[in-house]
Amino acid sequence: MLLVSKFAYQWMQQNSPWQVVFVAGMQRSGTNMLMDRLERSFLTDVYHERDPRAFDNYRMRDRATIRELISHSRAPAFVIKALCELEQLHGLMDEFAPAKTLWIVRDYRDAVRSALASFGNFTRQVQRIVADRTVNDWRAAGMSEATHLMVGKLWHPGMSEASAAALIWYFRNTLFFEQGLDHDARVRLIAYESLVQNPETECRSIFEFLEIPFTRDITRGVFSTSIRHRPLSEIEEPVAELCEGLARRFEACSAGIAVQG
């Protein structure tokens, strides 16, 4: 830890960080837990979505504001969430190069359970997007025509909140493949379940990807009790099948196997 602290001090004498790290993924997928792991390092400057310096109502502030924050950072890695900006990741990494992205994905059933406990109004949100994918709603941002048609076929006025939440899980996470992030060397896919079940192995790999020294203290406070994977009967079968297919693509991607959508 002393060596890391000394290294951090040396970097704090620099004018700016040597890389920007975007933490991406669907809400309720473990992004807060991942951010907390990164924040335990002496070598990161971490901006959560609740930080008014970088976010306005959970959405990233304009690029000039972010650039100003980066210019004043003294840590080697400037870390910021990009949940409502998933469709902008290519542009963000290009503009703030050198930059990398950590995209975390969680089993859709557990993500939906967590979303239902924290938020609501999913059916109405999906209804608005089905009616117009250009609607002023970050959930619809970057949605392809093919995805919009798929969602439109599945949506109906009596759809449950759980099914609507699962659809949102699908069309926000499918941006990972639609943008070709599975073939971008600047992007690392993280499985929430692997991270919480094997925190030291996974965190060590993440920090190696970011080229930041790893210490075991970083994994403190990680628990796997949130993994359930039990069927969620409120999710309609066609929606569940859609999500299962995307989940298999993520699993194959993590294993280095190419799978067509």
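A quick note: this is a predicted structure, and the numbers were derived from the prediction, not measured.

Asks: Help me out: how do you make sense of the overall build of the protein in this one?
Replies: Counting secondary structure elements, the protein contains 12 helices and seven strands. Here the protein, with 261 residues, has 52% of them falling under the buried criterion. At a minimum sequence separation of 6, the contacts of the protein that also span at least 24 residues come to 77%. Carbon and sulfur atoms provide 50% of the accessible area of the protein, an area that totals close to 12,600 Å².

Asks: What am I meant to see in the pairing of strand 6 (residues 99-105) here?
Replies: Two faces make up the sheet, and in a regular strand the side chains alternate between them. Buried residues dominate strand 6, accounting for seven of its seven residues. For strand 1 (residues 19-25) and strand 6, the ladder comprises six bridges, and the chain directions are parallel. The residue of strand 6 that forms the bridge with Val-23 is Leu-102. Where strand 6 meets strand 7 (residues 187-191), five bridges bridge the pair, whose relative direction is parallel. Bridging from a neighbouring strand, Thr-101 pairs with Val-187 of strand 7.

Asks: Would you mind going over the packing of helix 6 (residues 122-131) against helix 8 (residues 161-173) with me for this structure?
Replies: The packing of two helices is summarised by the inter-axis angle and the distance between the axes. Where helix 6 meets helix 8, the axes come as close as 7 Å, and the angle between the chain directions of the two elements is 55°. With respect to their mutual orientation, helix 6 and helix 8 come out oblique. With respect to the hand of their crossing, helix 6 and helix 8 are arranged in left-handed fashion. Each of Phe-122, Thr-123, Gln-125, Val-126 and Ile-129 in helix 6 lies in contact with helix 8, whose residues at this interface are Glu-161, Ala-164, Ala-165, Leu-167, Ile-168 and Phe-171. Residue composition of the contact of helix 6 with helix 8, by class: eight nonpolar, two polar and one charged.

Asks: Explanation requested: the side chain of His-148 in the structure shown.
Replies: One can find His-148 in helix 7 (residues 145-154). Beyond its immediate sequence surroundings of up to four residues, His-148 is in contact with Ile-129, Val-130, Asp-132, Arg-133 and Met-143.

Rules of the game
- Residues numbered from 1 in each chain as written.
- Predicted model: local features only at pLDDT ≥ 70, side-chain atom pairs only at ≥ 80, totals over all residues.
- Heavy atoms only, no water.
- Helix = DSSP H or I, 4+ residues; strand = E, 2+ residues; numbered from the N terminus.
- Buried < 20%, exposed > 50% of the residue type's maximum accessible area, 1.4 Å probe, protein only.
- Contact = heavy atoms within 4.5 Å.
- Areas by Shrake-Rupley, 256 points an atom, 1.4 Å probe, with all protein chains shown as cover.
- Pairing = 2+ DSSP bridges.
- Axes fitted to C-alpha atoms, helices over the stretch in contact; angles between N-to-C directions.
- Parallel < 35°, antiparallel > 145°, perpendicular 65-115°, else oblique.
- Left-handed = near helix turned anticlockwise from the far one by under 90°.
- Nonpolar A, V, L, I, M, F, W, Y, C, P; charged D, E, K, R; others polar.

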